[in-house]
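# Commentary on secondary and tertiary structure
Residue strings, one per chain:
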Amino acid sequence: MTRRLLLSYFLLTGFVLLVLEIPLGFSLTHNAEHNLLSGVGHDATVLATLVEDTVEQRQASAIAGSAGDYARRVGGRVIVVDSDGTTLFDSDHPSGPPEDFSNRPEIRQALAGASPAGVRYSATLGYDLAYASAPVASGGHVHGAVRITYSAAALARQEHGVWLILVGVGSVVLAAVFLVGWKLARSTTRPLRFLEGVAGRLAAGDLSARAGVPKGPPELRSLSGAFNQMASRLEELVTSQSEFAAHASHELRSPLTALRLRLENLEPALARRRGRDDLEAAIGETQRLAHIVDGLLLLARPGGSGPARESLDVNAAVRERVAAWTALAEEREVDLAASTPGVQLAEAVPGHVEQILDNYLANALEVSHPGAIVTVQTERQGPWVEVHVLDEGPGLSGEELARVFERFWRGGGSRDGGSGLGLSIVRQLAGLSGGEAQLRPRVGRRGVDAVVRLRAC
Ligand SMILES: Nc1ncnc2c1ncn2[C@@H]1O[C@H](COP(=O)(O)OP(=O)(O)OP(=O)(O)O)[C@@H](O)[C@H]1O
Ligand SMILES: [Mg+2]
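As the structure is a prediction and not an experimental result, all values here were calculated from the model.

About the thresholds
- Residues numbered from 1 in each chain as written.
- Chains lettered and ligands numbered in written order.
- Predicted model: local features only at pLDDT ≥ 70, side-chain atom pairs only at ≥ 80, totals over all residues.
- Heavy atoms only, no water.
- Pairing = 2+ DSSP bridges.
- Helix = DSSP H or I, 4+ residues; strand = E, 2+ residues; numbered from the N terminus.
- Axes fitted to C-alpha atoms, helices over the stretch in contact; angles between N-to-C directions.
- Near = heavy atom within 4 Å.
- Polar contact = N/O pair within 3.5 Å; in protein donor to acceptor, adjacent residues only side chain to side chain.
- Nonpolar A, V, L, I, M, F, W, Y, C, P; charged D, E, K, R; others polar.
- Domains from an automatic or database assignment.
- Contact = heavy atoms within 4.5 Å.
- Buried area = accessible area lost by both parts, 1.4 Å probe.
- Salt bridge = Lys/Arg side-chain N within 4 Å of Asp/Glu carboxyl O.
- Core = buried A, V, L, I, M, F, W, Y, C linked by side-chain atoms within 4.5 Å.
- Buried < 20%, exposed > 50% of the residue type's maximum accessible area, 1.4 Å probe, protein only.
- Phe/Tyr/Trp six-rings, centres within 6.5 Å; stacked < 30°, edge-to-face > 60°.
- Lys NZ or Arg CZ within 6 Å of the ring centre and 35° of its normal.
- Expected span 1.5 Å × (residues − 1).

## Describing the sheet that holds strand S3 (residues 117–122)
Pairing in this open sheet of five strands is antiparallel, and the strands run S2-S1-S5-S4-S3 from one edge to the other. Of all the strands in the sheet, just strand S2 (87–90) and S3 have a single pairing partner and so form its edges. Taking each pair of neighbouring strands and ignoring which way they run, the sheet shows an average axis angle of 25 degrees. Pairing of S3 with strand S4 (residues 127–138), which is carried by six bridges, proceeds in the antiparallel orientation. Bridging across to S4, Gly118 finds its partner in Tyr131.

## Some details on the site of ligand 1
What surrounds ligand 1 is a group of 18 residues, the closest being Asp391, Gly411, Ser414, Ser419 and Leu423. With respect to ligand 1, the backbone of Gly411 contributes an N or O atom lying 2.8 Å from an oxygen atom. Between ligand 1 and the protein, one listed contact pairs an oxygen atom with a backbone N or O atom of Leu421 at 3.1 Å. Class assignment for the residues of the shell around ligand 1 results in seven nonpolar, eight polar and three charged.

## Some remarks on the domain arrangement of the protein
The parts lose accessible area when they come together, and the size of an interface is often stated as this lost area. Examined at the domain level, the protein breaks down into domain 1 (2–157), domain 2 (218–300) and domain 3 (310–455). Averaged C-alpha coordinates put domain 2 and domain 3 at centres separated by 25 Å. Taken together, the contact pairs seven residues of domain 2 with ten residues of domain 3. Three residues stand out in domain 2 for area buried against domain 3, namely Arg288, Leu298 and Leu299, and they jointly supply 65% of the buried area on that side. The interface formed by domain 2 and domain 3 holds zero salt bridges in total. Counting across the interface, domain 2 meets domain 3 through zero residue pairs in polar contact (both at pLDDT 80 or more). Here the residues of the side of domain 2 that touches domain 3 sort into four nonpolar, two polar and one charged.

## Regarding the nonpolar core
If you look at the biggest cluster of nonpolar residues, it comprises 43 residues, and the most contacted ones within it are Leu336, Tyr360, Val374, Val376, Val389, Phe405 and Leu439. Examining the composition of this core, we find that seven residues originate from one element, helix H9 (residues 352–367), more than from any other. Residue contributions to this core reach at least three from each of two domains, namely domain 2 (218–300) and domain 3 (310–455). Each residue touching Phe405, except ones within four places of it in the same chain, is listed here: Tyr360, Leu423, Ser424, Val426, Arg427, Ala437, Gln438 and Leu439.

## Regarding the packing of aromatic side chains
Using the criterion set out here, one finds three aromatic pairs in the structure. When the ring of Phe10 is compared with that of Phe178, the centres are 6.1 Å apart and the planes differ by 90 degrees; the resulting orientation is edge-to-face. Of this pair, Phe10 sits in helix H1 (residues 2–50) while Phe178 sits in helix H5 (residues 153–203); the two residues are 168 residues apart in sequence, bridging distant segments of the chain. Taking relative accessible area as the criterion, Phe10 reaches 31% and is therefore assigned partly exposed. Ring pairing ties together the aromatic residues Phe10, Phe178 and Trp182, which thus form one cluster. Sitting over the ring of Phe405, Arg427 keeps its end group 4.0 Å from the ring centre.

## Describing the pattern of salt bridges
The tally for this structure, following the rule as stated, stands at 18 salt bridges. Here Asp92 makes a salt bridge to Arg77, at a shortest N to O gap of 3.5 Å. Taken together, the residues span a long stretch of sequence, with Asp92 in the loop between S2 and helix H4 (105–111) and Arg77 in strand S1 (residues 77–82) at a distance of 15 residues. By relative accessible area, Asp92 is classed as partly exposed at 46%. Overlapping salt bridges bring together Arg77, Asp90 and Asp92 as one network.

## A closer look at the sheet that holds strand S12 (residues 448–455)
Read across the sheet, five strands follow the order S7-S9-S10-S12-S11 without closing on themselves; strand pairing throughout is mixed. Each edge of the open sheet is held by one strand with a lone partner, namely strand S7 (335–339) and strand S11 (436–441). Strand-to-strand, the axes of this sheet are offset by a mean angle of 20 degrees, without reference to chain direction. Along the sheet, helix H8 (residues 314–331) contacts S7, strand S9 (373–381), strand S10 (384–390) and S12; its crossing angle with S7, the most-contacted strand, is approximately 170 degrees.

## Considerations on H9
The end-to-end C-alpha distance of H9, which contains 16 residues, comes to 23 Å, matching closely the 22 Å that a straight helix rising 1.5 Å per residue would cover. Restricting attention to buried positions, one finds in H9 the residues His352, Val353, Ile356, Leu357, Asn359, Tyr360, Leu361, Ala364 and Leu365.

## Brief notes about the side chain of His388
Here His388 shows up in strand S10. By relative accessible area, His388 is classed as buried at 5%. At 2.9 Å, the side chain of His388 and the side chain of Asp449 are in polar contact. Not counting residues within four places of it along the chain, the set of residues in contact with His388 comprises Thr375, Val376, Gln377, Glu379, Arg440, Asp449, Ala450 and Val451.

Below is the structure:
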């Protein structure tokens, strides 16, 4: 934003400078040329008047005296010709033989009574000449002509000088625009940057972040007002959702626990009677219901304001959970093995890694046939510590893998009793711990590679 503002100031100023300076430059160089030529023209006329008598009487030494003086003073080349265009004096060759200049256009014009001035290319000298000539005349009769010439390089140098000054002025103006524009752009975007910071804090879960009212333009003030309203509304919603989750948790759990205890108390009374199977099924259902309630409440919890993360040894957590699941694995004749050498420290919310592993292991054991192997291994992948739970079950198709983390989604051949919430909870827990959860097909063999990656520390 700052750069764009600065660029727009630059482009605008550059455009204005071009529009102003280019015509100004042409006008100044034109004036310089005009001034020089009219000065030379004036000199030629004055000199023509000075040498009028001496030319008429062809007094060569007197012509050389006044014209030579003049040439030395003004620094140009002065020639005086008679009415035929033959030199009476040439300041470049004061003692040279007479030369015919009648073919020079400015001499022809002067002998015709005009006083031309201008710039032309001299084929004899090989460069541009600035010239002025004037007739030497008296009583309406032209006796000769005077011509003064300069190399046009001096004029070109003067014109370059004008353009250089204009470029210099333009650069100074652009530098000033850069400095002032930078400060202006920074002060314009400061409230926006502040707002961006506050939005970042809100996105990171700090629901108390508010923008304050910036001093900037009215649009920004109303933007920060709208932002604050949105943040307050968001905080209200999240707080009420948390409160609802907490209340619902309490209100649903207590009667469920009470129901399960009552059903369990009935067990001895029904020891030898019919209906015991139904009772056990009812107890199982209450346990399943409790599991669903716990899962739903966890998923209903807002993600942003989760509990603090700590550094923990992922390998130790894996070993502990694998030990806990070994009894069930043995019962199902599944070989459960962990490959977790040494210590792997990662960032996680306490208890989350264990819960994630429980879900992965439950799923893996669920799909494993007797004699199958379930392996848990950890490895370091760049900034991540990855835990893989690898099974030899039927695996999942690409379509199923894409849906597996959806709430309540369950595969075709799933066992009865699952809720379809386990993997949604895994994803939520991994996110709260700053990591990611993923299910992939195993490379080169049947089965699923269930992965959770956490930030190494
Ligand atoms: N390792 C696996 N191999 C094959 N299918 C799997 C595997 N893990 C999960 N699935 C499939 O994904 C579905 C969803 O799993 P998820 O853990 O979310 O729910 P669930 O196991 O059915 O119920 P619960 O909420 O009790 O965990 C399962 O029903 C199963 O069909
Ligand atoms: Mg499951």
